2 protein chains.
Amino acid sequence: MPDIKLTYFETTGIAEAVRLILSYARQPFIDERITLDDWLDRKSEMPFGQVPVIEIDGKRYHQSMAIARYLAKQYGLAGKDDKENMEIDSIAYSINDFRIFFTEVLWDTNPEEKARKRDIVIKEKIPYFLEKFEKIIEENGGFFYGNRVTWADLMFVSLQPYFEVAIGFDILQEYPFLKEYADKISEIPGIKEWISKRPKKCCIRDLNIASVNSSNS
Amino acid sequence: MPDIKLTYFETTGIAEAVRLILSYARQPFIDERITLDDWLDRKSEMPFGQVPVIEIDGKRYHQSMAIARYLAKQYGLAGKDDKENMEIDSIAYSINDFRIFFTEVLWDTNPEEKARKRDIVIKEKIPYFLEKFEKIIEENGGFFYGNRVTWADLMFVSLQPYFEVAIGFDILQEYPFLKEYADKISEIPGIKEWISKRPKKCCIRDLNIASVNSSNS
């Protein structure tokens with residue numbers, strides 16, 4: 001097995017899909033978590049000043065979805081051919097598009113603007129995306145793609161704490177089918193163990209967001 | 001050769017990388033361009049209400065980067081193995097991160113906020129990213145990865161009209177090394193022919209942005 005070190009903040013965020021993939025595969029990894037106090041000192045060592053960064057056998061790679069896709073392929077969570085991978089990628093991108101609306105709420109420092117964006121997420125984005133996700137999962141035997149677990153499922157489940165913190169409630173509370181689906185994915189061996197043992201401080205709410213969001217320059 | 005139809009707006013935007021990849025490969029394709037007048041009627045037929053959408057031998061796929069990655073692999077513009085593909089993906093994502101700052105300027109309808117964002121792009125984002133891109137290209141023999149052309153190069157070059165329209169000037173004007181690099185990529189057979197024959201109305205400036213950016217619901 002390769003030597004793996006994942007570096008990210010003390011949160012789930014966009015690195016949690018990678019942690020779930022590694023946990024699903026029972027691949028040991030160093031889960032390095034940077035505190036916000038240390039971040040400004042460490043930012044410049046990261047490619048493009050961002051985390052997550054992963055080190056595999058001593059070589060560094062960056063960009064959460066590039067890492068997730070690569071690891072998924074190594075551990076049987078990708079498609080069987082290029083076309084299947086394109087379809088799984090397109091789902092992962094749609095989940096990421098959905099995630100970005102929550103990010104925009106979470107990081108907005110203007111209370112009125114934040115409330116306005118939150119309202120749009122609740123009234124428009126959640127129903128629009130969750131109804132589409134539900135339909136896809138229904139058509140694929142209870143998974144996002146191909147009647148079996150792929151990294152798209154792990155990505156969606158990995159973001160649940162993030163969605164909840166951004167918006168203030170469990171977004172699946174009125175979507176029992178999706179709730180049951182997410183619970184099922186969370187019960188997969190490896191993932192279940194990871195979720196039960198991961199640091200409780202898993203969400204960005206307690207952190208000083210402004211300092212994370214500082215300029216790249 | 002497969003039958004391919006690409007559907008997008010009458011602009012370069014995020015579909016142009018796909019057009020460049022197809023043109024590089026000399027793969028014929030129907031270049032369907034939706035006018036803004038027609039968009040609201042056609043939005044609901046698109047997966048997740050978005051374009052680009054590509055039809056390959058009668059089956060539809062969506063998400064620009066998922067499509068670009070797939071086509072790149074078919075036409076020799078991807079990596080030789082999974083790790084190389086992860087590295088090329090991470091570059092493509094970084095180019096996309098850079099692109100998003102321009103999108104935020106382009107679509108902001110509040111003049112003061114737009115000017116503030118434009119200022120940040122000019123003073124912070126352009127130097128930060130272009131200096132990093134320049135270093136990567138220098139280290140990779142004049143390409144973004146591995147001393148040869150990959151879809152990351154085509155993606156970067158495809159976005160030049162977009163960057164220019166968003167910000168009002170050629171962002172490479174003070175970066176002669178990158179300018180020369182972009183010109184070199186634009187001269188590659190197939191790409192050169194496409195650029196010379198593509199519709200002149202290639203940029204979103206003339207379009208009614210508000211109606212493109214309408215709610216998903």
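Reading the values: rules and limits
Residues numbered from 1 in each chain as written. Chains lettered and ligands numbered in written order. Predicted model: local features only at pLDDT ≥ 70, side-chain atom pairs only at ≥ 80, totals over all residues. Heavy atoms only, no water. Helix = DSSP H or I, 4+ residues; strand = E, 2+ residues; numbered from the N terminus. Rg over C-alpha atoms; globule rule 2.2 N^0.38 Å. Buried < 20%, exposed > 50% of the residue type's maximum accessible area, 1.4 Å probe, protein only. Contact = heavy atoms within 4.5 Å. Buried area = accessible area lost by both parts, 1.4 Å probe. Salt bridge = Lys/Arg side-chain N within 4 Å of Asp/Glu carboxyl O. Polar contact = N/O pair within 3.5 Å; in protein donor to acceptor, adjacent residues only side chain to side chain. Pairing = 2+ DSSP bridges. Axes fitted to C-alpha atoms, helices over the stretch in contact; angles between N-to-C directions. Phe/Tyr/Trp six-rings, centres within 6.5 Å; stacked < 30°, edge-to-face > 60°. Lys NZ or Arg CZ within 6 Å of the ring centre and 35° of its normal. Arc of directions from axis to C-beta. pLDDT = per-residue confidence, 0-100. Least-squares fit on C-alpha atoms with pLDDT ≥ 70 in both. Right-handed = clockwise from strand over helix to strand, strands pointing away.

1. A few points about the overall build of chain A
Move 1: For chain A, the count of helices and strands is 10 helices and 4 strands.
Move 2: Counting from the amino terminus, helix and strand elements in chain A follow one another as β-α-β-α-β-β-α-α-α-α-α-α-α-α.
Move 3: Scaling as 2.2 N^0.38, a compact globule of 217 residues should have a C-alpha radius of gyration of about 17 Å, and chain A matches this with 17 Å.
Move 4: Dimensions of chain A, computed from the C-alpha atoms along their principal axes, are close to 50 × 45 × 30 Å.
Move 5: Scored against the burial criterion, the 217 residues of chain A give a buried share of 57%.
Move 6: Sequence-distant contacts in chain A: of pairs separated by 6 or more residues, those separated by 24 or more amount to 72%.

2. So, the interface of chain B and chain A
Where interface size is quoted, it is often the accessible area lost as the parts come together.
Move 1: Across the boundary between the two partners, chain B contributes 35 residues, which contact 35 residues of chain A.
Move 2: A combined buried area of about 3500 Å² lies between chain B and chain A, and 56% of that area is made up of carbon and sulfur atoms.
Move 3: Between D89(B) and R69(A) there is a salt bridge, and its shortest N-O distance comes to 2.8 Å.
Move 4: At the junction of chain B and chain A, the tally comes to 19 residue pairs in polar contact (both at pLDDT 80 or more).
Move 5: Put simply, the parts of the chain that give the side of chain B that touches chain A at least two residues each are strand 4 (59–62), helix 3 (64–74), helix 4 (82–107) and helix 5 (111–139) of chain B.

3. A closer look at the sheet that holds strand 3 (residues 53–56) of chain A
Move 1: Taking strand neighbours across the sheet as the criterion, the 4 strands line up as 2-1-3-4 (chain A) in an open arrangement whose pairing is mixed. Because the sheet does not close on itself, it has two edges, and the strands there are strand 2 (30–34) and strand 4 (59–62) of chain A. For this sheet the average axis-to-axis angle between neighbouring strands, irrespective of direction, equals 20 degrees.
Move 2: On the sheet, helix 4 of chain B packs against strand 3 and strand 4 of chain A and is oriented at approximately 45 degrees with respect to strand 4 of chain A.

4. A closer look at the packing of aromatic side chains
Move 1: Throughout the structure, instances matching the rule amount to 39 aromatic pairs over all chains.
Move 2: On the basis of an interplanar angle of 55 degrees and a centroid distance of 6.4 Å, the ring pair of F156(B) and F163(B) is categorised as tilted.
Move 3: Judged by relative accessible area, F156(B) falls into the buried class, the value being 0%.
Move 4: Among the aromatic residues, those joined into a cluster by ring pairs are F48(A), F98(B), F101(B), F102(B), Y128(B), F129(B), F133(B), F144(B), F156(B), F163(B) and Y181(B).
Move 5: Sitting above the plane of the F143(A) ring, K184(A) keeps its charged end 4.0 Å from the centroid.

5. A few points about the sheet that holds strand 4 of chain B
Move 1: Strand order in this open sheet of 4 strands is 2-1-3-4 (chain B), and the pairing throughout is mixed. Looking at which strands have only one partner, the edges of the open sheet turn out to be strand 2 (30–34) and strand 4 of chain B. The average angle at which neighbouring strand axes cross in this sheet is 20 degrees, direction not considered.
Move 2: Strands in contact with helix 4 (residues 82–107) of chain A are strand 3 (53–56) and strand 4 of chain B; relative to strand 4 of chain B, the strand with the most contacts, it is inclined by about 45 degrees.

6. A short note on the environment of M65(B)
Move 1: Within the secondary structure, M65(B) is located in helix 3.
Move 2: Note on M65(B): relative accessible area 5%, which makes it buried.
Move 3: Taking the C-alpha atoms as reference points, M65(B) and P52(B), separated by 13 residues in sequence, lie 9.7 Å from one another.
Move 4: Excluding anything up to four places from it in sequence, M65(B) contacts Y93(A), A92(B), Y93(B), N96(B), W151(B) and M155(B).

7. Notes on unusual backbone geometry
Move 1: Of note, the bond from V51(A) into P52(A) is cis; its omega dihedral lies within 30 degrees of zero at 5 degrees.
Move 2: Relative to the helices and strands, P52(A) resides in the loop between helix 2 (36–42) and strand 3.
Move 3: A positive phi angle, close to 55 degrees, is found at R26(B), a residue other than glycine.
Move 4: Mapped onto the elements of the fold, R26(B) is located in the loop between helix 1 (16–24) and strand 2.
Move 5: Although it is not a glycine, N147(B) adopts a positive phi angle of roughly 60 degrees.
Move 6: For N147(B), the position within the fold is in the loop between helix 5 and helix 6 (151–158).

8. Examining helix 8 (residues 176–186) of chain A
The α-helix winds at 3.6 residues per turn, so residues separated by three or four positions along the chain end up facing the same way.
Residue and element names in this part refer to chain A.
Move 1: Burial in helix 8 covers these residues: L178, Y181, A182, I185 and S186. For helix 8, the angular spread of buried residues about the axis comes to 135 degrees, placing them on one side. Of the exposed residues in helix 8, the ones pointing more than 90 degrees away from its buried face are P176 and E180.
Move 2: For helix 8, the elements touching its buried residues are helix 5 (111–139), helix 6 (151–158) and helix 9 (191–197).

9. Quick word on the confidence of the model for chain A
All names here are of chain A.
Move 1: Averaged over every residue, the pLDDT of chain A is 92; the share at 70 or more is 92%.
Move 2: Low confidence marks residues 208–217, where pLDDT is under 50. Its contacts with residues over four positions away, or in another chain, come to 24 contacts.
Move 3: Predicted complex, confidence summary: ipTM 0.93, pTM 0.93.

10. Here we look at the relation of the copies chain B and chain A
What connects the two chain copies is a rotation about an axis and a shift along it.
Move 1: Superposition of chain B onto chain A requires a rotation of 180 degrees combined with a translation of 0.0 Å along the rotation axis, giving an RMSD of 0.0 Å. Those values place the two copies in the arrangement expected of a two-fold rotation axis.
Move 2: A share of 100% of the interface residues of chain B reappears at the interface of chain A, consistent with the copies meeting face to face through the same patch.

11. Considering the pairing of strand 2 of chain B
All names here are of chain B.
Move 1: In terms of strand pairing, strand 1 (residues 4–9) meets strand 2 through 5 bridges, oriented parallel. From the neighbouring strand, F9 faces strand 2, where its bridge partner is I34.
Move 2: Traced from strand 1 through helix 1 to strand 2, the parallel crossover comes out right-handed.

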